[in-house]
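Now for the letters of each chain:
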Amino acid sequence: MARRVGAPRVVLEASVGSTQDLAHALGSQGAESGTIVLADEQTAGRGRAGRPWSSPPGAGIWLSALLRPGATPVGGALAIRAGLAVRSALSEAVPGARVSLKWPNDIVHAERKLGGVLCEARWTGGRLGWVAVGVGLNVHGPIAPSVAGTAMALAELDAGVSRLGVLEALVPRLVALADRPAELAEAERAEYLERLWTPPGEKVVGVDPDGALRVRAADGRLVRRTDAA
Ligand code: BT5
């Protein structure tokens, strides 16, 4: 599996609480950057700010990448990049699906959520130890009733989608994120804006090198949105 998806090591589990917890445990044991944790099911998958992430068995890709970035990413730069990596991987592996990003890093199609990204850093003595980059993607479904109104699966857009096909495109892109500079480059910011879905009425002016979104509010003020929670 590791050879197939282009990772130094892949840990495969039938069922876990959260792949993030397993990635952190591996991080504390010295596992190398690019180690991937995959589970068929999560019983306590989580989103940002402690929100729950529904992860039924076989329904999607529930993955954490353990990364040890050479340069400590500023603000939400890594999360923005991870979203871009997912979108780019999907355009290669699921060409029938047109997906966009919703700030900071939801993967959406026509306002419905296909997936999300959760970055959790662990620090030791003021230095970045590692980051667990969690990616949840609804591939085949089923979608849990609790999110049925807002979520969808890739198979609704392309019946031929396969989890392995998506992983082959996605994992090398995630592993490579450890080698990126601290700030988002101009080209990444431009790509992000090009792929961004914004709610009607919202005027996005730009994205900063730390991933903050600059939005023109209704009263004309410029707002810098950094709160990814
Ligand atoms: C996210 O959080 O979108 C990040 C999700 C990351 C999940 C991955 S799975 C592998 C790894 N291990 C983990 O434990 N987590 C990561 P957030 O933006 O906070 O969105 C959470 C919200 O999305 C919830 O409050 C629901 O409304 C909705 N949601 C929950 N499960 C969903 C699903 N399967 N599909 C679409 N929406 C969902």
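Residues numbered from 1 in each chain as written. Predicted model: local features only at pLDDT ≥ 70, side-chain atom pairs only at ≥ 80, totals over all residues. Heavy atoms only, no water.

Here's the deal with the overall build of the protein
Thinking step 1. Across its full length, the protein holds five helices and 11 strands.
Thinking step 2. Against the 2.2 N^0.38 benchmark of 17 Å for 229 residues, the protein shows a C-alpha radius of gyration of 17 Å, consistent with a compact globule.
Thinking step 3. With respect to the principal axes defined by its C-alpha atoms, the protein has extents near 50 × 45 × 30 Å.
Thinking step 4. The proportion of buried residues among the 229 residues of the protein is 46%.
Thinking step 5. When contacts within the protein are restricted to residue pairs at least 6 apart in sequence, those whose partners lie at least 24 apart make up 64%.
Thinking step 6. Looking at the protein as shown, the accessible area adds up to about 10,400 Å², and 51% of this sits on carbon and sulfur atoms.
Thinking step 7. In the protein, 26 positive and 23 negative side-chain charges are present, and the distance between their average locations comes to 2 Å. (Helix = DSSP H or I, 4+ residues; strand = E, 2+ residues; numbered from the N terminus. Rg over C-alpha atoms; globule rule 2.2 N^0.38 Å. Buried < 20%, exposed > 50% of the residue type's maximum accessible area, 1.4 Å probe, protein only. Contact = heavy atoms within 4.5 Å. Areas by Shrake-Rupley, 256 points an atom, 1.4 Å probe, with all protein chains shown as cover. Lys, Arg positive; Asp, Glu negative; His and termini not counted. Charge placed at Lys NZ, Arg CZ, Asp CG, Glu CD.)

Side note on the layout of surface pockets
Thinking step 1. Quantified by volume, the largest pocket comes out at close to 670 Å³.
Thinking step 2. Those elements that provide at least two residues to the lining of the largest pocket are helix H2 (19-28), strand S3 (60-67), strand S5 (106-109), strand S6 (112-124) and strand S7 (127-138).
Thinking step 3. Looking at the lining of the largest pocket, its residues break down into 15 nonpolar, 14 polar and seven charged. (1 Å grid on protein atoms, 1.4 Å probe; cavity = no way out; pocket = protein on both sides within 12 Å on 5 of 7 lines; lining within 4 Å. Points joined across faces, edges and corners; volume = space filled by probe spheres on them. Nonpolar A, V, L, I, M, F, W, Y, C, P; charged D, E, K, R; others polar.)

A closer look at the sheet that holds strand S1 (residues 10-16)
Thinking step 1. With respect to topology, eight strands assemble into an open sheet ordered S1-S2-S3-S7-S6-S5-S4-S8, the strand pairing being mixed. One side of each edge strand has no neighbouring strand; the edge strands of this open sheet are S1 and strand S8 (196-197).
Thinking step 2. The sheet contact formed by S3 and S7 spans eight bridges and is antiparallel. Each residue of the ladder has a partner; that of Leu63, found in S7, is Val135. (Pairing = 2+ DSSP bridges.)

Quick look at the side chain of Asn138
Thinking step 1. Relative to the elements of secondary structure, Asn138 occurs in strand S7.
Thinking step 2. A relative accessible area of 9% means that Asn138 is categorised as buried.
Thinking step 3. With residues up to four places along the chain from it excluded, the contact list for Asn138 reads Trp53, Ala59, Gly60, Trp62, Lys113, Leu114, Ile143, Ala151, Met152, Ala153 and Leu154.

A word on unusual backbone geometry
Thinking step 1. The omega torsion across Trp103 and Pro104 is 0°, close enough to zero to call that bond cis.
Thinking step 2. The residue Pro104 is located in the loop between strand S4 (100-102) and S5 in this model.
Thinking step 3. Cis geometry is found at the peptide bond from Gly141 to Pro142, where omega equals 10°.
Thinking step 4. Note on placement: Pro142 falls in the loop between S7 and helix H4 (163-175).
Thinking step 5. Despite not being glycine, Ala49 shows a phi value in the positive range, around 55°.
Thinking step 6. Positionally, Ala49 belongs in the loop between strand S2 (35-42) and S3.
Thinking step 7. Positive phi, close to 75°, is recorded for Glu111, a residue that is not glycine.
Thinking step 8. Position of Glu111 among the secondary structure elements: in the loop between S5 and S6.

Comments concerning the pattern of salt bridges
Thinking step 1. For the structure shown, the criterion picks out 16 salt bridges.
Thinking step 2. Across the salt bridge formed by Asp21 and Arg46, the nearest N and O atoms sit 2.9 Å from each other. One end of the pair, Asp21, is in helix H2; the other, Arg46, is in the loop between S2 and S3, with 25 residues separating them in the sequence.
Thinking step 3. When its relative accessible area of 24% is taken as the criterion, Arg46 is described as partly exposed. (Salt bridge = Lys/Arg side-chain N within 4 Å of Asp/Glu carboxyl O.)

Concerning the sheet that holds strand S10 (residues 213-216)
Thinking step 1. In spatial order, the strands read S9-S10-S11; together these three strands make up an open sheet with antiparallel pairing. Because the sheet does not close on itself, it has two edges, and the strands there are strand S9 (203-207) and strand S11 (222-225). Strand after strand, the sheet turns through a mean of 30° between neighbouring axes, direction not considered.
Thinking step 2. Note: S10 against S11, four bridges, orientation antiparallel. Within S11, the residue paired with Val215 across the bridge is Val223. (Axes fitted to C-alpha atoms, helices over the stretch in contact; angles between N-to-C directions.)

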